[in-house]
Structures are given as C-alpha cells and as structure tokens.
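So the chains spell out like this:
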Amino acid sequence: MGLIEIIVLAILQGLTEFLPISSSAHLILPSHVFGWQDQGLAFDVAVHAGSLFAVVLYFRQEVGRMAVSWFASLFGKHDSESKLAWLIILGTIPAGLAGLIFNDFIEGNLRSVTVISITTILFGLLLWWADKNAKQTKGEYEITVKEVLFIGFAQVLALIPGTSRSGITITAGLILGLTAKAAARFSFLLSIPLIFAAGGYKTIELSQQVIPVDWTAIGLGTLLSFISAYACIHYFLILVEKIGMMPFVIYRLALGGILIAFFI
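Owing to the predicted nature of the structure, the values given are computational and were not obtained by experimental measurement. (Residues numbered from 1 in each chain as written. Predicted model: local features only at pLDDT ≥ 70, side-chain atom pairs only at ≥ 80, totals over all residues. Heavy atoms only, no water.)

1. Details of the pattern of salt bridges
Part 1 of the argument: Counted according to the given criterion, the structure contains five salt bridges.
Part 2 of the argument: In this structure, the salt-bridge partner of Lys-138 is Glu-147, at a minimum N-O distance of 2.5 Å.
Part 3 of the argument: With its nearest N and O atoms 2.7 Å apart, the salt bridge here joins Glu-140 to Arg-185. Placement of the pair is Glu-140 in the loop between α6 (113–133) and α7 (145–156) and Arg-185 in helix α9 (residues 180–207), with a sequence separation of 45 residues.
Part 4 of the argument: On the accessibility criterion, Glu-140 (9% relative accessible area) is buried.
Part 5 of the argument: By relative accessible area, which is 16% here, Arg-185 ends up buried.
Part 6 of the argument: Through salt bridges that share partners, Glu-62, Glu-140 and Arg-185 make up one connected network. (Salt bridge = Lys/Arg side-chain N within 4 Å of Asp/Glu carboxyl O. Helix = DSSP H or I, 4+ residues; strand = E, 2+ residues; numbered from the N terminus. Buried < 20%, exposed > 50% of the residue type's maximum accessible area, 1.4 Å probe, protein only.)

This is the structure we're talking about:
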C-alpha cells in the first residue's frame, strides 16, 4: 500500500466507524475512483484495532465502572452499571450470531455498489424519520431488556453493507425515545464487544494465512484510525444535541446519489 492509501483508508475507517454514514460506502469509493486494490486482511485488523482502542479509551471511566460492577453482579451485587453492562452484552448477541452465520453469504453476494447505494439512502431516510419523530426523553441507563433486544436486532441489519452500524443503532435508540446523545453513547458502548469480536475473528483468519506483513502500514494505519476515531467520538457527542441527525441524513442521500450516478 502507498502512503496516501494508508492515510486515506485509516482516517476513513476511524471516522465512519462511529458516524452514522456507513464505512463500507466510503471505503468503496477510493477503490473505484483511484483504482486501489483491497487493503488486505492485516490492514483491516489494524484499523479496527485503532477504532477499538479509541472507543475504550474515550469511555474508559464508564467501561471501568461497568467492568467492576459486572464482576460484582456475578456474586449478587447489582446496580445501574452492572445492568448497563449486561444489556450491552445482550445487545451484542444477535449481531454476533448473525455475523457468524451469514458472513460468507454477505461477503459473496451483498458487497456491491448497488446494494451499498440503496442501503445508504434507505437507512438514511429511516434515520431522518426517527430523528424527526423522536421524543428524546430517556437516558441510556433507562433502557429495558426488550428495548436493548430491539437495538440488538437492529444492529444485525448493519451486516448489510451501506447500512452503518452506528447509524442503525442510533436510529433504533431514537425510535425508543432515547435522547440523541444517549442513543449515540449507547451505540458507541455497544460497538466495543462487536469490534473486539470482529477483530478477533479476522485475526484468526489472518493467522491461517502465510503472507508478508507491511508493519509500517499496520502501525500507521492503527495510529491514524485511533486518532480519527477518538476525535470523531468526542466531537460527535458534543455536536449531536445541537445539530441533530439531519446533516448526516443529507450527506447519506448525497453519497447514495453519487454512487448510483457514477458507479452503477
């Protein structure tokens, strides 16, 4: 990989992992516009690791409290932090199982520009509807088991390229009455076990391949993904209550239109 490819792809991964605009839609554009080859499994693992480090570091206090309370809950000591931890685990299960079952089918049949452009527009409109009709009265600690299952099964749709994991989980949170900031925070916390699981799965795949590793690309990709993801989380949480979701809806519609107009 060239230096420009490393920089662009790593920053795109870091930003689009957490913005509700679809990482797959963005990662497909450089390859079509510039004719870049697939970045390879090792680089994919590296940039996902960067995103994971960013979200864990940003929410380190919350993660620390939840980890301690979760462990205490195993011995019968329950509080709001342990409840949230268990809900995050529960919300991860549907997408985790679906990923194991349908991963090969999705990779072989749904990673097309047509699918990505349609889902980018379709779920962008759903985000607009949810944002427009949102009551925004609840925090993430008020989520119930039924509601987290709703979010968890919504997250399964993110396996379809172009949907956006953060986009669909924030959409589900808004439909359930969460505030925009609470929906975003819960979406980001929910990403931790899923990114960890996906990264672990890809690492296992990588360990079974005998290929040379470009450690410069790996190191730089991880660093840039970490920086861009951390900045994205920080500023998105600051701005989301002020600007709402409409700018991201407009961006998704424009991006989907560009994909349809120039690449289909």
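Once you've had a look at it, read on.
2. Comments concerning the packing of helix α8 (residues 165–175) against α9
Axis angle and axis distance: for two packed helices, these are the angle between their axes and the distance between the axes, and together they describe the pair.
Part 1 of the argument: As a packed pair, α8 and α9 sit with axes 8 Å apart at the nearest point and diverge in direction by 135°. Relative to α9, the element α8 lies oblique. At the point where α8 passes α9, the crossing takes the right-handed sense. When α8 is examined against α9, the residues Arg-165, Ser-166, Thr-169, Ile-170, Gly-173 and Leu-174 are found in contact with a partner set consisting of Ala-180, Ala-183, Ala-184, Ser-187, Phe-188, Leu-190, Ser-191 and Leu-194.
Part 2 of the argument: Classifying every residue of the contact of α8 with α9 gives eight nonpolar, five polar and one charged. (Axes fitted to C-alpha atoms, helices over the stretch in contact; angles between N-to-C directions. Parallel < 35°, antiparallel > 145°, perpendicular 65-115°, else oblique. Left-handed = near helix turned anticlockwise from the far one by under 90°. Contact = heavy atoms within 4.5 Å. Nonpolar A, V, L, I, M, F, W, Y, C, P; charged D, E, K, R; others polar.)

3. Regarding the environment of Ile-11
Part 1 of the argument: Note that Ile-11 resides in helix α1 (residues 3–16).
Part 2 of the argument: Ile-11 sits in the partly exposed class, given a relative accessible area of 32%.
Part 3 of the argument: Considering only alpha carbons, one finds Ile-11 and Ala-229, 218 residues apart in sequence, at a separation of 7.8 Å.

4. Notes on the packing of aromatic side chains
Part 1 of the argument: Inspection of every chain in the model, using the stated rule, returns nine aromatic pairs.
Part 2 of the argument: Pairing Phe-18 with Phe-188 gives two aromatic rings, centres 5.4 Å apart and planes at 85°, and the pair type is edge-to-face. Of this pair, Phe-18 sits in the loop between α1 and α2 (23–34) while Phe-188 sits in helix α9; the two residues are 170 residues apart in sequence, bridging distant segments of the chain.
Part 3 of the argument: For Phe-18, a relative accessible area of 0% translates into the label buried.
Part 4 of the argument: Grouping aromatic residues by their ring pairs yields a cluster made of Phe-18, Tyr-58, Phe-59, Phe-188, Phe-226, Tyr-230, Phe-236 and Phe-248. (Phe/Tyr/Trp six-rings, centres within 6.5 Å; stacked < 30°, edge-to-face > 60°.)

5. Brief notes about the packing of α1 against α2
Part 1 of the argument: Direction vectors running N to C along α1 and α2 enclose 165°, while the axes themselves pass 9 Å from each other. The angle between the axes of α1 and α2 places the two elements in the roughly antiparallel class. The handedness of the crossing between α1 and α2 comes out as right-handed. Where α1 approaches α2, its residues Val-8, Leu-9, Leu-12, Gln-13 and Thr-16 are matched on the opposing element by Ser-23, His-26, Leu-27 and Pro-30.
Part 2 of the argument: Residues that form the contact of α1 with α2 fall into these classes: five nonpolar, four polar and no charged.

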